[in-house]
Amino acid sequence: MRLRPAKPLQTTEWLNVPEPVTLESLRGRVVLLEAFQMLCAGCVSHSLPQAMRARELFSKSDLAVIGLHTVFEHHTAQGSKEALAAFLHEYRITFPVGIDAPPDGRGLPRTMTAYQMQGTPTTILIDRQGNLRKQKFGHTQDMLIGAEIMALLREDGSPVSGQQQAAAESGCTHDGCAAPTQ
């Protein structure tokens, strides 16, 4: 498989972080990027909670979870930074969220266009070297995305945290798992 570098994020602002996030600044970690709209039912009910669970399970030094609010419809209802900030607060989303840059003219937001996204939710996985490894529109099962993240974490032989290793070995998928006793 020929790897290709992930395209830079084209954002206007970031929430939940003091400075803008770049993919370059996340090199060395696997990146889970969740593109969403706050009025997208699949995003609210599945993909954002899934991203939050991934952030809880995997070490922040191994996995960076970020969101991309990419508005391509209902701009008046969900287009403001204030509306997004309130949404993130109400849903207790604490990972960094960038606001996709609007198009130069008519069309889709810039990052959405660069990645040729079909809509939201779109889940993107980027490896430690900054290569695009997965891009999927729609629902992804928790077990599958967890397995894909773990495979990328272990791909270059990098160690993973003890909690993640114990969870992987025991089949546990939630916080509080311990290594199996012998």
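Structure: see above.
Analysis parameters
Residues numbered from 1 in each chain as written. Predicted model: local features only at pLDDT ≥ 70, side-chain atom pairs only at ≥ 80, totals over all residues. Heavy atoms only, no water. Helix = DSSP H or I, 4+ residues; strand = E, 2+ residues; numbered from the N terminus. Areas by Shrake-Rupley, 256 points an atom, 1.4 Å probe, with all protein chains shown as cover. Buried < 20%, exposed > 50% of the residue type's maximum accessible area, 1.4 Å probe, protein only. Pairing = 2+ DSSP bridges. 1 Å grid on protein atoms, 1.4 Å probe; cavity = no way out; pocket = protein on both sides within 12 Å on 5 of 7 lines; lining within 4 Å. Points joined across faces, edges and corners; volume = space filled by probe spheres on them. Nonpolar A, V, L, I, M, F, W, Y, C, P; charged D, E, K, R; others polar. Lys, Arg positive; Asp, Glu negative; His and termini not counted. Salt bridge = Lys/Arg side-chain N within 4 Å of Asp/Glu carboxyl O. Polar contact = N/O pair within 3.5 Å; in protein donor to acceptor, adjacent residues only side chain to side chain. Contact = heavy atoms within 4.5 Å.

**Student:** What is the right way to look at the overall build of the protein chain in this model?
**Tutor:** For the protein chain, the helix and strand inventory stands at six helices and seven strands. Reading the protein chain from its N terminus to its C terminus gives the helix and strand order β-β-β-α-β-α-α-β-α-β-β-α-α. Surface summary for the protein chain: the accessible area is close to 9,800 Å², and the carbon and sulfur share equals 52%.

**Student:** What is the right way to look at the pairing of strand 6 (residues 122-126) in this model?
**Tutor:** Note on strand geometry: in a regular strand, side chains alternate between the two faces of the sheet. Among the five residues that make up strand 6, five are buried, leaving the element largely enclosed by the rest of the structure. Here strand 6 shows no split at all, with Thr122, Ile124 and Ile126 on one side and Thr123 and Leu125 on the other all buried. Two strands pair when backbone bridges link them, and strand 3 (residues 30-36) and strand 6 are joined in this way by five bridges, in the antiparallel orientation. In the strand pairing of strand 6, Val31 is matched with Ile126.

**Student:** What's the story with the layout of surface pockets in this structure? I'm lost.
**Tutor:** Empty space among the atoms becomes visible once a probe the size of a water molecule is rolled across them. Of the pockets and cavities examined, the second largest pocket occupies roughly 190 Å³. Residue lining of the second largest pocket: 15 residues in total, with Val71, Gly79, Ile99, Asp100 and Pro102 positioned closest to the centre. A class-by-class count of the residues in the lining of the second largest pocket yields six nonpolar, six polar and three charged.

**Student:** Could you clarify how one ought to interpret unusual backbone geometry in this entry?
**Tutor:** Excluding glycine, a negative phi dihedral is what most residues carry, and trans is how most peptide bonds are arranged. Note the cis peptide between Thr120 and Pro121, where omega equals 0 degrees. Residue placement: Pro121 occurs in the loop between helix 4 (110-114) and strand 6. The phi angle at Asn16 is positive, at roughly 70 degrees, despite the residue not being glycine. Turning to its location among the elements, Asn16 is positioned in the loop between strand 2 (11-15) and strand 3. The phi dihedral of Gln116 is positive, around 55 degrees, even though this residue is not glycine. Tracing the sequence through the fold places Gln116 in the loop between helix 4 and strand 6. For Gln116, a relative accessible area of 67% gives the class exposed.

**Student:** Honestly, the pairing of strand 7 (residues 131-137) in this entry has me stumped. Any pointers?
**Tutor:** Relative to strand 7, strand 1 (residues 4-5) runs antiparallel, the two being bridged by two bridges. Counterpart to Arg4 in the pairing with strand 7 is Leu132. Pairing analysis gives five bridges linking strand 6 to strand 7, with the strands arranged antiparallel. Considered in strand 7, the bridge of Leu125 is made with Lys134.

**Student:** Whenever I open this one, the side chain of Glu34 confuses me. Can you help?
**Tutor:** You can see Glu34 is positioned in strand 3. In this structure Glu34 is buried but unpaired, with Lys134 as the nearest side chain of opposite charge at 9.5 Å. A distance of 2.9 Å separates the side chain of Glu34 from the side chain of Thr123, its partner in a polar contact. Residues within four places of Glu34 in sequence aside, it is in contact with Ser47, Leu48, Ala51, Ile66, Gly67, Leu68, Pro121, Thr122 and Thr123.

Nothing here speaks to function; it is all geometry.
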